[in-house]
Number of protein chains: 4
Amino acid sequence: MSHAVMTIAQLNTFLARDFPQVFTPDSAFSIVSVGYRESVMRCRFDQRHLRPGGTISGPTMMTLADVGLYIAILASIGPVAMAVTTNLNINFLSKPAPRDLIARTKLLRLGRRLAVGEVSIYSDGEEEDMVAHVTGTYAIPQERAGA
Amino acid sequence: MSHAVMTIAQLNTFLARDFPQVFTPDSAFSIVSVGYRESVMRCRFDQRHLRPGGTISGPTMMTLADVGLYIAILASIGPVAMAVTTNLNINFLSKPAPRDLIARTKLLRLGRRLAVGEVSIYSDGEEEDMVAHVTGTYAIPQERAGA
Amino acid sequence: MSHAVMTIAQLNTFLARDFPQVFTPDSAFSIVSVGYRESVMRCRFDQRHLRPGGTISGPTMMTLADVGLYIAILASIGPVAMAVTTNLNINFLSKPAPRDLIARTKLLRLGRRLAVGEVSIYSDGEEEDMVAHVTGTYAIPQERAGA
Amino acid sequence: MSHAVMTIAQLNTFLARDFPQVFTPDSAFSIVSVGYRESVMRCRFDQRHLRPGGTISGPTMMTLADVGLYIAILASIGPVAMAVTTNLNINFLSKPAPRDLIARTKLLRLGRRLAVGEVSIYSDGEEEDMVAHVTGTYAIPQERAGA
């Protein structure tokens, strides 16, 4: 197993510049750790993400998974602003608790053109009970030769 | 083909009360039309939804599709606050233009317990070129007998 | 709308040579029609495809959809033996009747590298009631320059 | 972690009677092991499952995953002939080697009505390199009270 090619600090700088809409200073999302072909993200519990019944919304979890995949790719191949999601499939498994979410991403395939990964989402501290499971595919632009 | 059982005005009132996080007065999402087993939604173009390169973000489109499915279900069976998404699959097809998005939802199946639908997302005025395609499943709570 | 670049007869010859495992002379699958970015396939009703309860099996429908997508691609860009499925998502909607299945495929995107399509599967003669809905992605090899 | 409620021998007897089309005496599929919420299946390498280039076909892998999920459910809740797949999503990751496939299934959720699982497919002896990844949902009939 090799190492990540970007640190969390480098990723944060890159994302703040290239995704100011998502990675605002008060963003609910933060990077917990990265490695080669993997990332762990946290989504801070926040009233704005709630659905009726007090649970965290589906779109918040889809966003979290999409970002987790992107960061696992960046951490593995370096800054590629134009990598784009081509497919994302999510299964919602159980009602999340009213607390932070943790998203663990593993890339199942990291090819030259396509990266495929899975993301397991849990309520913080309750990792025996998965809240949602995601698989997603990113297309990687070919002009990254110099990256 | 039968008719919708809720009007757009009734849906807006229901959503504002039960989903104040999403359906704020300044929400980018609005209902264009509803019918039995179908809905059309608009997502107003807004800088906050952009990705690098100036395109609307994937999570915005996933949210739009999820809401379009939910509204098609509400319009067909009446107010069911606790219907929940169990699966959502999205294929991103082309880069959206910097303008409003239109999401056309059709329910492919409306059973007692599960509803399955598809959502076709376009840039407003460019319906020959689909931007994203979504299929999703909602579980319908059984206690809706009195709804 | 342009035309298919291969006829049904050309497709049958190509498939019999390159996919003798699936397109045997007694195969249950046959091409009904093709066009640019579309195909219609038939799956003959056959006891071997049954599940308990007498319905056609899920794997038969997944195979039918995968083949329908492949044929729509071949019909649009010419013989590309090495195009491979990268993702397939199927929703089973209703129990098929004990009769032939019809699969209508439309390509939603036909890029240089990726083709994405949807397949609607019906029991023959009952097209108001969809049996299954599929979306799938094929990767197209780049060495098809001369195709 | 509790135990499987059916043995491999009991599962084979059940499947041979209820799925004679798939579980023929010369079937390529066999159960390697089962546990509570999990199964391991083997698909014997066989010329009939090949695609051009000598690789095992996508539909063979989809069938293997569908069966692996079904057997993990049976092993966990007992014989339920009428459990049906409602959704299956497969990502094809790398070209399988010309040898047996191994499919490892884990149920991520086992509710009263819906079971959701994931299946990791490998070439036998090459488990560091996943060939395909599947998630699937089964609907469980409610009349299983007496099962």
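Described in the following lines is the structure provided in the data block. Everything quoted here is computed from the prediction, not taken from an experiment.

Rules of the game
Residues numbered from 1 in each chain as written. Chains lettered and ligands numbered in written order. Predicted model: local features only at pLDDT ≥ 70, side-chain atom pairs only at ≥ 80, totals over all residues. Pairing = 2+ DSSP bridges. Helix = DSSP H or I, 4+ residues; strand = E, 2+ residues; numbered from the N terminus. Axes fitted to C-alpha atoms, helices over the stretch in contact; angles between N-to-C directions. Contact = placed C-beta atoms within 7 Å. Nonpolar A, V, L, I, M, F, W, Y, C, P; charged D, E, K, R; others polar. Buried ≥ 20, exposed ≤ 12 C-beta atoms within 10 Å, placed from the backbone. Parallel < 35°, antiparallel > 145°, perpendicular 65-115°, else oblique. Left-handed = near helix turned anticlockwise from the far one by under 90°.

1. Section: the sheet that holds strand β1 (residues 29-35) of chain C
Here is step 1 of the chain: Strand order in this open sheet of twelve strands is β1(C)-β2(C)-β4(C)-β5(C)-β6(C)-β3(C)-β3(D)-β6(D)-β5(D)-β4(D)-β2(D)-β1(D), and the pairing throughout is antiparallel. Among the strands making up the open sheet, the edge pair consists of β1 of chain C together with β1 (29-35) of chain D. Going from strand to strand, the sheet's axes swing by 20° on average, the running direction of each strand aside.
Here is step 2 of the chain: Across nine bridges, the pairing between strand β5 (residues 114-123) of chain C and strand β6 (residues 130-139) of chain C is antiparallel. Paired with Ile121(C) across the strands is Ala132(C), a residue of β6(C).

2. Observations regarding the interface of chain B and chain C
Here is step 1 of the chain: Counting residues at the interface gives twelve residues for chain B, matched by twelve residues for chain C.
Here is step 2 of the chain: Put simply, the parts of the chain that give the side of chain B that touches chain C at least two residues each are β3 (84-92), β4 (101-110), β5 (114-123) and β6 (130-139) of chain B.
Here is step 3 of the chain: Considering each element in turn, the side of chain B that touches chain C owes the most residues, four residues, to β6(B).
Here is step 4 of the chain: In terms of residue class, the side of chain B that touches chain C is built from four nonpolar, six polar and two charged.

3. Considerations on the pairing of strand β3 (residues 84-92) of chain D
Here is step 1 of the chain: Buried residues dominate β3(D), accounting for eight of its nine residues.
Here is step 2 of the chain: Looking at chain direction, strand β3 (residues 84-92) of chain C and β3(D) are connected through five bridges and run antiparallel. Bridging across to β3(D), Ile90(C) finds its partner in Leu88(D).
Here is step 3 of the chain: Pairing of β3(D) with strand β6 (residues 130-139) of chain D, which is carried by eight bridges, proceeds in the antiparallel orientation. Of the residues in β6(D), the one forming a bridge with Val84(D) is Ala139(D).

4. Some words on the environment of Glu38(D)
Here is step 1 of the chain: Tracing the chain through its elements places Glu38(D) in strand β2 (residues 38-43).
Here is step 2 of the chain: Leaving out residues up to four positions away in the same chain, Glu38(D) has contacts with Ala72(D), Thr105(D), Lys106(D) and Leu107(D).

5. Quick look at the packing of helix α2 (residues 58-77) of chain C against helix α2 (residues 58-77) of chain D
Here is step 1 of the chain: At their nearest, the axes of α2(C) and α2(D) sit 9 Å apart, and the two run at 150° to each other. Comparing the axis directions of α2(C) and α2(D) gives the class roughly antiparallel. In terms of crossing hand, the pair formed by α2(C) and α2(D) is right-handed. Packed against α2(C), whose contacting residues are Gly58(C), Pro59(C), Met62(C), Thr63(C) and Asp66(C), the element α2(D) presents Gly58(D), Pro59(D), Met62(D), Thr63(D) and Asp66(D) at the interface.
Here is step 2 of the chain: Of the residues that constitute the contact of α2(C) with α2(D), the class distribution is four nonpolar, four polar and two charged.

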